[in-house]
Amino acid sequence: MEVIKEKKKMREWSRAQRKAGESVALVPTMGFLHAGHLSLITEAKQHSTKVVVSIYVNPTQFAPGEDLSTYPRDLEGDLHKLKSLDVDVVFNPYDLYAHNGPEETPDVAKEAGSKKRNLPERWSTAAEQEEKKSQVADLQDSLEENLKPNGGMAVANMHDENKGRHETWIRVERLEKPLCGHNRPIFFRGVVTVVAKLFNIVEPDVAVFGKKDYQQWRVLCRMAQDLDFAVEIIGCPLLREDDGLAMSSRNVRLSDTERQQALSISRSLKEIEALVKMGEVDANLLVKCIIEKITAAGGKVDYAKIVEQDTLREVDKIKVPVVAAVAAHFGSVRLIDNVELQPPS
Ligand code: AMP
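Small disclaimer: the values here were computed from a predicted structure and weren't measured.

**Student:** Hey, could you run me through the packing of helix H1 (residues 7-19) against helix H8 (residues 187-202) in this one?
**Tutor:** A pair of packed helices is captured by two measures, namely the crossing angle of their axes and the spacing between those axes. Running from N to C, H1 and H8 point in directions that differ by 55°, and their axes come no closer than 7 Å. Taken together, the axes of H1 and H8 are oblique relative to one another. Between H1 and H8, the contacting residues are Lys-7, Met-10, Arg-11 and Ser-14 on the first element and Lys-197, Asn-200, Ile-201 and Val-202 on the second. In the contact of H1 with H8, the residues fall into three nonpolar, two polar and three charged.

Listed below in structure tokens is the structure:
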């Protein structure tokens, strides 16, 4: 298994594979891998001869104040798991938002990341002006953070289009707005943009995502279609722990009590699934059930909605295939979960 950190090397590897007649699948992740992630790799192997797993905690999908700095990381453990699954390449870039600049190569990055402000030549003129000075300081801070394995703190200046190094964003205008998009307005902009970048770097034939992040999967399908990416997007079933909790890298941040409380999400979804099977089609009533159960357990519901599977538009009655989607906070941890539902026959 090869670990590649530079965009150029990654693209060269992928092109060489395709030239040799291989097909390439990409499984994008933010690391701290669990069985849910690993199921995507198993699926990827059904669709291609080579599998690339990317591990990159993408700073641009976290708003200031969200959990970028505390997002769990364990590169060594991840590599160990991926090796046992016979993955061909792990793409673990230093900084996906650097344009082949010094940030991308470890040596110069080490220099720029040192506490001494010995900036690379191309930044020195800019540093003479006050505004530019602050940009450079921001850049250095972000470099220092990104030198930590797989990124670190928020690359704050990326959130400010006037100061940031990166100013091109992809928005999936309608699908990104409901559900998670409501309270996380820059989340999908960050996700979609980074996945488009990964598509351009890895040039995969196939990309595999989990339906655990149901809206993300839909948004990415739409992006690939609208922008004519020649990548087949595959959605995989959500994997759960034995007690029903949806597997998530963030679960390790739950206390024992919070973890118990968090079971109310999957239990409420199971309950409404049974109700629908018994003929209940009133979406508002079902949503009320979910909210009551999670709130009673001590969770704070961000949203609970029943939406059409393809359009993500809210429904009053379940007449077409829908998904019941939930986000809720337990302590400082925000969890999401969902269940696909068919209209009762
Ligand atoms: P993340 O590392 O959280 O960004 O997730 C990387 C990929 O793994 C995404 O496509 C997720 O939807 C998928 N994934 C995460 N958790 C699960 C799960 N419990 N079951 C299936 N896929 C998952």
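Next comes the rest of the account.
**Student:** I would appreciate a short explanation of the packing of H8 against helix H9 (residues 214-226) in the present structure.
**Tutor:** Packing of H8 against H9 brings their axes to within 10 Å, and their N-to-C directions diverge by 50°. It follows that H8 is oblique to H9 by the angle criterion. As for the relative orientation of H8 and H9, their crossing is right-handed in sense. Each of Phe-187, Phe-188, Val-191, Val-192, Val-195, Ala-196 and Phe-199 in H8 lies in contact with H9, whose residues at this interface are Gln-215, Gln-216, Val-219, Leu-220 and Met-223. For the contact of H8 with H9, the residue count by class is 10 nonpolar, two polar and no charged.

**Student:** Mind showing me how you'd approach the sheet that holds strand S7 (residues 300-308) here?
**Tutor:** In sheet architecture, strand pairing relies on hydrogen bonds along the backbone and comes in two forms, parallel and antiparallel. The strand order across the open sheet formed by three strands is S7-S8-S9, and the pairing between neighbours is antiparallel. Strands at the two margins of the open sheet, each flanked by one partner only, are S7 and strand S9 (333-341). Going from strand to strand, the sheet's axes swing by 10° on average, the running direction of each strand aside. This element, helix H10 (residues 256-277), spans S7, strand S8 (322-330) and S9 of the sheet and lies at about 15° to S9.

**Student:** Which parts of the structure should I look at to understand the packing of aromatic side chains?
**Tutor:** The geometry of an aromatic ring pair is captured by two quantities: the separation of the ring centres and the angle between the planes. Taken as a whole and assessed by the stated rule, the structure comprises five aromatic pairs. A ring pair is formed by Phe-62 and Tyr-71, whose centres lie 6.0 Å apart and whose planes are at 75°; its orientation type is edge-to-face. Of the two residues examined, Phe-62 and Tyr-71, each falls in the buried class. Sitting over the face of the ring of Tyr-94, Lys-5 holds its NZ or CZ atom 5.3 Å from the ring centroid. The ring of Trp-169 carries the charged tip of Arg-189 above its face, separated from the ring centre by 4.0 Å.

**Student:** Looking at this structure, how should I read the sheet that holds strand S6 (residues 232-236)?
**Tutor:** Strand order across the open sheet formed by six strands is S1-S4-S3-S2-S5-S6, with parallel pairing between neighbours. Taken across any chain shown, the strands that pair with only one partner, and hence form the sheet edges, are strand S1 (2-4) and S6. Ignoring which end each strand starts from, the neighbouring axes of this sheet average 25° apart. Looking at chain direction, strand S5 (residues 206-210) and S6 are connected through five bridges and run parallel. Residue pairing in the sheet places Phe-209 in a bridge with Gly-235 of S6. In this fold H9 packs onto S5 and S6, with an angle of close to 170° to the strand it touches most, S6.

**Student:** Explanation requested: the site of the ligand in the structure shown.
**Tutor:** Within the structure, the ligand sits among 17 residues, and His-37, Gly-210, Asp-213, Leu-239 and Met-247 are positioned closest to it. At a separation of 2.6 Å, an oxygen atom of the ligand approaches a polar side-chain atom of Asp-213. In this structure, a nitrogen atom belonging to the ligand sits 2.8 Å away from a main-chain N or O atom of Leu-239. For the ligand, the protein covers 93% of the area, taking 480 Å² as the surface of the free molecule. Broken down by element, the residue count for the shell around the ligand peaks at three residues, all from helix H2 (residues 35-47). Each residue belonging to the shell around the ligand can be placed in one class, and the counts come to nine nonpolar, six polar and two charged.

**Student:** Just to check I follow, could you spell out empty space enclosed by the protein for this structure?
**Tutor:** Gaps left between atoms show up when a probe the size of a water molecule is rolled over them. Within this structure, the stated rule accounts for two cavities of 30 Å³ or more. Taken as a whole, the largest cavity holds about 50 Å³ of empty space. Every element with two or more residues in the lining of the largest cavity is listed here: H10 and S9. No other element matches the three residues that S9 contributes to the lining of the largest cavity. Computed from the structure, the second largest cavity encloses a volume of approximately 30 Å³. For the second largest cavity, the full set of lining residues is Ala-283, Asn-284, Val-287, Ile-306, Glu-314 and Val-315. Per element, the largest residue contribution to the lining of the second largest cavity is three residues, and it comes from helix H11 (residues 283-297).

Procedures and definitions
Residues numbered from 1 in each chain as written. Predicted model: local features only at pLDDT ≥ 70, side-chain atom pairs only at ≥ 80, totals over all residues. Heavy atoms only, no water. Axes fitted to C-alpha atoms, helices over the stretch in contact; angles between N-to-C directions. Helix = DSSP H or I, 4+ residues; strand = E, 2+ residues; numbered from the N terminus. Parallel < 35°, antiparallel > 145°, perpendicular 65-115°, else oblique. Contact = heavy atoms within 4.5 Å. Nonpolar A, V, L, I, M, F, W, Y, C, P; charged D, E, K, R; others polar. Left-handed = near helix turned anticlockwise from the far one by under 90°. Pairing = 2+ DSSP bridges. Phe/Tyr/Trp six-rings, centres within 6.5 Å; stacked < 30°, edge-to-face > 60°. Buried < 20%, exposed > 50% of the residue type's maximum accessible area, 1.4 Å probe, protein only. Lys NZ or Arg CZ within 6 Å of the ring centre and 35° of its normal. Near = heavy atom within 4 Å. Polar contact = N/O pair within 3.5 Å; in protein donor to acceptor, adjacent residues only side chain to side chain. Areas by Shrake-Rupley, 256 points an atom, 1.4 Å probe, with all protein chains shown as cover. 1 Å grid on protein atoms, 1.4 Å probe; cavity = no way out; pocket = protein on both sides within 12 Å on 5 of 7 lines; lining within 4 Å. Points joined across faces, edges and corners; volume = space filled by probe spheres on them.

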